[in-house]
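Topology and contacts: notes
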Number of protein chains: 2
Amino acid sequence: MARGNRDFARMPNDTGRPLPSVPARQQLLKRHNLSLVLRQIAASRRPSRAQLAARTGLTKATVSTLVDALMDAQLVVESDPERGLIGRPGSPLSLNPQGPAGLGVEINVDYVSCCVVDLTGAVRCRRTIVGDNRLLRPEVVLRRAVRAASLIWRQAEVAGLTVVGLGVGVPGLVDFDGVLHRAPNLLEWQGIPLAEVVADMLGRPLQSVYCDNEANLAALGERWFGRRDNLQDFVLVSGEIGVGAGIVIGGELFRGVRGLGGELGHVTVDPMGPACSCGGRGCLERVAGQEALLEAAGLPAEAGTAVGGPVASVAELVRRALTGEPTTLLALEKAGTALGIALSAFLNVLDLPTVVLGGFYAELAPWLIGPVTGELHDRVVNHPWSPIEVIVSSLGAEASVRGAAGITIRRIIDDPAASFPEVLALTRT
Amino acid sequence: MARGNRDFARMPNDTGRPLPSVPARQQLLKRHNLSLVLRQIAASRRPSRAQLAARTGLTKATVSTLVDALMDAQLVVESDPERGLIGRPGSPLSLNPQGPAGLGVEINVDYVSCCVVDLTGAVRCRRTIVGDNRLLRPEVVLRRAVRAASLIWRQAEVAGLTVVGLGVGVPGLVDFDGVLHRAPNLLEWQGIPLAEVVADMLGRPLQSVYCDNEANLAALGERWFGRRDNLQDFVLVSGEIGVGAGIVIGGELFRGVRGLGGELGHVTVDPMGPACSCGGRGCLERVAGQEALLEAAGLPAEAGTAVGGPVASVAELVRRALTGEPTTLLALEKAGTALGIALSAFLNVLDLPTVVLGGFYAELAPWLIGPVTGELHDRVVNHPWSPIEVIVSSLGAEASVRGAAGITIRRIIDDPAASFPEVLALTRT
């Protein structure tokens, strides 16, 4: 297994090299069209072959050949023809829910979570273990994560799925090779090719492994599985113990030029503010991170997670806010203001249309959305011409592990021939 | 003439549509190869046809056909063969310095500047008019700019050049259509398709017009014409009366998702700081803009420009800093610190390797580079793994007008068939 990440296979495009030779172009064309058809099946509601031909611009004969290959490779299934209103009914096609699947693992500061999603994006198994991981050595946390992941992998197998890829999310700086360099809130985790380590500990063959920052994966989770359709350009703010940002531009994750971007939690909101674990001063995290917020509201910080429901302390915060308790409301107002200031700094520069409040901020959105929006209005100079919408994540703290599992699914759908080279042979006509 | 910008023609790439038909693909291939050869001529030191064939992977016969077409279109010239050390010498090829040219116009707060660059990127004519444009109506400033531009256009013609495109830079929010929405320091300039207006006032035919924020054009100027080769990923901070940022990622300008990004001057550096003309509070511009800095140093603000040498007040600032005058040094330290705080906000998110100090900051770099670098070290959490270099613009305040003129040149070199469709016909073999 290669060290760290194997990146998504991509179609070659204009790279300043001469175009490939004729046989290479034909192979490329086939690969391109397989991807085109599979993406269309994924995006449509049970299309027929004739509908696919109409939507892709390919001939019906070509579509049929490609669909047959995708069915032979277990990626697509055909249902019984539905009675159409007009003409001969076509057989509806859909992604195979019993085909390949993706395993996602999220190691966060106060929980470990994992899930398996099938090709349709449905979560088939999940498991979360709550506990403060700052108190444990990395090996202990990893063993715990791997035990949970093994368990749901076996469950998925029993359900007829084949796990082919692994995605791992972590609240830290992960480079393009999938190496975790630093997690400001998990100080011992340094220089670890995390997805590879987890894959080795799982000890079973995988086609692909991928590791990324949890906020990046949460943004992808929201893009792929969130309630809002066609979310193309947005920043997801992931509130956990730390605060991260995942940026999606043109439907693609933007990880920063060298992969270590998205560190919203360490944007300065008060140059003379309190010192931060990162070495800076007045970082957003020190005002709007989960612990800072609980402390400001006079609540004890408590290990836990919002995955599958908010952690006890956050739930208590919500309860107090609902009763109008002044200290709680003030703390939320302050956190929302800080969040708005930090966001305005890079929205002035990036001009993004949408902010998604994610992680535990989703639970607190009723109190945060006002001050966040207010600061953005006041501080983003392009706002009158480029309005910014602040919305709430529909997946909350689960977005990240869903994104981690979804990586494998998107990889297959975007380029099935890269994951299953046999489909190219199967399309020989 | 189309309203606003005509964007650069681009090669179609993987857009989720079926690949084009065979004749369309052949045309595309020819267009692609013309661009490939012309870009290689632009990037090399007088290559021969054989060298071009080796570097592009095309056959010598294909290269010869393409080069002949580019010469017929006046884009490339051939010099007498140089005596090689080995073998028969090839004729060196280069961009035609007497071919098409680009006109650049920069309308800034305290000056108007214009220049013509030839296909090789050399500035052939230039003209700058200093004066505070805030005191004048837009029509007056535009007439002044057009008079200067007409003059150098005629000079360029006398020198044998053909001006085919216009680029206009302005310190404000310019959308993808080239419409200036707002210039915080030039309040009357609103909702103007500036390049089109200038082109109409010039009253002569142009192939392409383009308008953009002055910091964006300065970043492109630095990328194309600056001393540092191969500057691929950087932010240029343009210090003028206002403060802007031009971001280049992967060699391409990143204007923000909706084109209105780069507003570094309005990033909050002190949430409770002084009110700003943008409606915000504690913006960078209020601490590190030219007037704010002069005021802090106890110097009178003075209309002028650093184009072709620093403005009197900035020159005086430099003089005082050189003598170690404490108020001046303190003001510079404060400005550099604020600049570092504002930059750290989005470098935490974008993970860019290089900051270029441009505009009048280039003159002041000896005093700014220390505090800027210090704040970045302290506040950018990924810094230990992703080092950030702070360098000085080699073009200073001239970068923007050079970039504005260069737009036309790059457009031709990147896709000659888009600007000169006749080259496609000329390559018929």
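Sequence order as written defines the numbering, with residues in each chain counted from 1. Starting at A for chains and at 1 for ligands, labels are handed out in the order in which the entities are written. Totals for whole chains, interfaces and linings use every residue, but because this is a predicted model, local features are given only for residues with pLDDT of at least 70 and side-chain atom pairs only at 80 or more, for both listing and counting.

1. A closer look at the overall build of chain A
Per the secondary structure count, chain A includes 14 helices and 15 strands. A residue is called partly exposed when the number of other C-beta atoms within 10 Å of its own lies between 12 and 20, exposed at 12 or fewer, and buried at 20 or more, with C-beta atoms placed from the backbone. Burial status across chain A gives 57% buried among its 429 residues. Within chain A, contacts between residues separated by at least 24 positions form 66% of all contacts whose residues are at least 6 apart in sequence. Helix and strand definitions here come from DSSP, where helices need a minimum of 4 consecutive H or I residues and strands a minimum of 2 consecutive E residues; each element is numbered from the N-terminal end. Contact definition: two residues whose C-beta atoms, as placed from backbone geometry, lie within 7 Å.

2. With respect to the nonpolar core
Ranked by size, the top nonpolar core spans 274 residues in total, and within it Val116(A) and Val116(B) carry the most contacts. The residues contacting Val116(A), other than those within four sequence positions of it, are Ala101(A), Gly102(A), Leu103(A), Arg124(A), Cys125(A), Ile152(A), Trp153(A), Ala156(A), Leu161(A), Val163(A) and Ala405(A). By our criterion, buried Ala, Val, Leu, Ile, Met, Phe, Trp, Tyr and Cys residues that link up through C-beta atoms within 7 Å make up a nonpolar core.

3. So, the interface of chain A and chain B
Residue-level contacts link 56 residues of chain A with 55 residues of chain B. Contributing elements (two or more residues each) for the side of chain A that touches chain B: α1 (22–43), β12 (243–249), α10 (326–350) and α11 (361–379) of chain A. If you tally residues by element for the side of chain A that touches chain B, the top one is α10(A), at seven residues. Of the residues assigned to the side of chain A that touches chain B, the class counts are 26 nonpolar, 19 polar and 11 charged. Asp, Glu, Lys and Arg are counted as charged, while Ala, Val, Leu, Ile, Met, Phe, Trp, Tyr, Cys and Pro are counted as nonpolar; the rest, among them Gly, fall into the polar class.

4. With respect to the sheet that holds strand β8 (residues 179–182) of chain B
Residues and elements named next belong to chain B. Taken together, the three strands give an open sheet; going across it, the order is β7-β8-β9, and neighbouring strands pair in antiparallel fashion. Sheet topology places β7 (173–174) and β9 (192–193) at the edges, where each strand pairs with a single neighbour. For β7 and β8, the ladder comprises two bridges, and the chain directions are antiparallel. By the bridge assignment, Val-174 is partnered in β8 with Leu-180. Two strands pair under a simple rule: DSSP has to find at least two bridges between them.

5. Regarding the packing of helix α6 (residues 214–225) of chain A against helix α12 (residues 399–414) of chain A
Residue and element names in this part refer to chain A. Contact geometry of α6 with α12 gives a least axis separation of 7 Å together with a crossing angle of 70°. One element, α6, and the other, α12, form an angle in the roughly perpendicular class. Crossing angle aside, the handedness with which α6 passes α12 is left-handed. Along its contact with α6, which presents Glu-214, Leu-217, Ala-218, Leu-220, Gly-221, Glu-222, Trp-224 and Phe-225, the element α12 presents Ala-399, Ser-400, Arg-402, Gly-403, Ala-404, Gly-406 and Arg-410. Axes here refer to lines fitted to C-alpha atoms; in helices the fit is confined to the stretch in contact. Angles between the N-to-C directions go from 0 to 180 degrees. Roughly parallel here means an angle under 35 degrees, roughly antiparallel means over 145, roughly perpendicular means 65 to 115, and every remaining angle is called oblique. For any pair of crossing helices, the crossing counts as left-handed if the nearer helix is rotated counterclockwise from the farther one by less than a right angle, and right-handed if it is rotated clockwise.

6. Some words on the sheet that holds strand β11 (residues 234–239) of chain B
Remark on secondary structure: sheet strands pair via backbone hydrogen bonds, oriented parallel or antiparallel. Residue and element names in this part refer to chain B. The strand order across the open sheet formed by five strands is β13-β12-β11-β14-β15, and the pairing between neighbours is mixed. The open sheet terminates on both sides in strands that have one partner only, identified here as β13 (252–254) and β15 (389–392). Sheet twist, expressed as the average angle between the axes of neighbouring strands with direction ignored, equals 30°. Bridge count between β11 and strand β14 (residues 354–359): five bridges; the pairing is parallel. Looking at the pairing, Gly-239 lines up with Gly-359 of β14.

7. Considerations on helix α4 (residues 138–158) of chain B
All names here are of chain B. In a helix, the anticipated span is given by 1.5 Å times the number of residues less one. Here α4 spans 30 Å end to end across 21 residues, near enough to the 30 Å set by a 1.5 Å rise per residue. Along α4, the residues that are buried comprise Val-141, Leu-142, Ala-145, Val-146, Ala-149, Ile-152, Trp-153 and Ala-156. Seen along its axis, α4 keeps its buried residues to an arc of 140°; they face one direction. Exposed residues lying more than 90 degrees from the buried face of α4 are Glu-139, Val-140, Arg-154 and Val-158. If you follow the buried residues of α4, they end up packed against β3 (100–107), β4 (111–118), β5 (123–130), β6 (162–170) and α5 (194–202). The directions from the helix axis to the C-beta atoms form the arc being described.

8. Here's the deal with the pairing of strand β10 (residues 208–213) of chain B
Residue and element names in this part refer to chain B. With six of six residues buried, β10 lies mostly within the body of the structure. Bridge analysis of β6 against β10 gives six bridges, and the strand direction is parallel. The residue of β10 that forms the bridge with Gly-167 is Tyr-210.

9. Describing the domain arrangement of chain A
Domain boundaries shown here were taken from an automatic or database domain assignment. With domains assigned, chain A is organised as domain 1 (22–96), domain 2 (100–218 + 401–412) and domain 3 (226–397). Each of domain 1 of chain A and domain 3 of chain A has a C-alpha centre, and these two points are 42 Å apart.

10. Describing the environment of Glu157(A)
All names here are of chain A. Residue placement: Glu-157 occurs in helix α4 (residues 138–158). Judged by the 14 C-beta atoms lying within 10 Å of it, Glu-157 is partly exposed. A sequence separation of 212 residues divides Glu-157 from Ile-369, and the C-alpha atoms of the two residues are 42 Å apart.

11. Section: the packing of α4(A) against helix α5 (residues 194–202) of chain A
Between two packed helices, what matters for the description is the angle formed by their axes and the separation of those axes. Residue and element names in this part refer to chain A. Contact geometry of α4 with α5 gives a least axis separation of 10 Å together with a crossing angle of 60°. If you check the angle between α4 and α5, you find them oblique. Here α4 runs over α5; the crossing is right-handed. Residue-level inspection shows Leu-142, Ala-145, Val-146, Ala-149 and Ser-150 of α4 in contact with α5, the latter providing Val-197, Val-198, Met-201 and Leu-202. Considering only residue class, the contact of α4 with α5 consists of eight nonpolar, one polar and no charged.

12. Observations regarding the relation of the copies chain A and chain B
Turning chain A through 180° and shifting it by 0.1 Å along the axis lays it on chain B, with an RMSD of 0.1 Å. The superposition of one copy onto the other is thereby described by a two-fold rotation axis. A shared binding surface is used by both copies, with 98% of the interface residues of chain A retained as interface residues in chain B. Least-squares fitting of one copy onto the other uses the C-alpha atoms of those residues that reach a pLDDT of at least 70 in both copies.

13. A word on helix α2 (residues 49–56) of chain A
All names here are of chain A. What α2 keeps buried is the set Arg-49, Leu-52 and Thr-56. For α2, the buried positions fall inside an angular range of 55° around the axis, keeping them on one side. At the C-terminal side of α2, Gly-57 shows a positive phi close to 80°.

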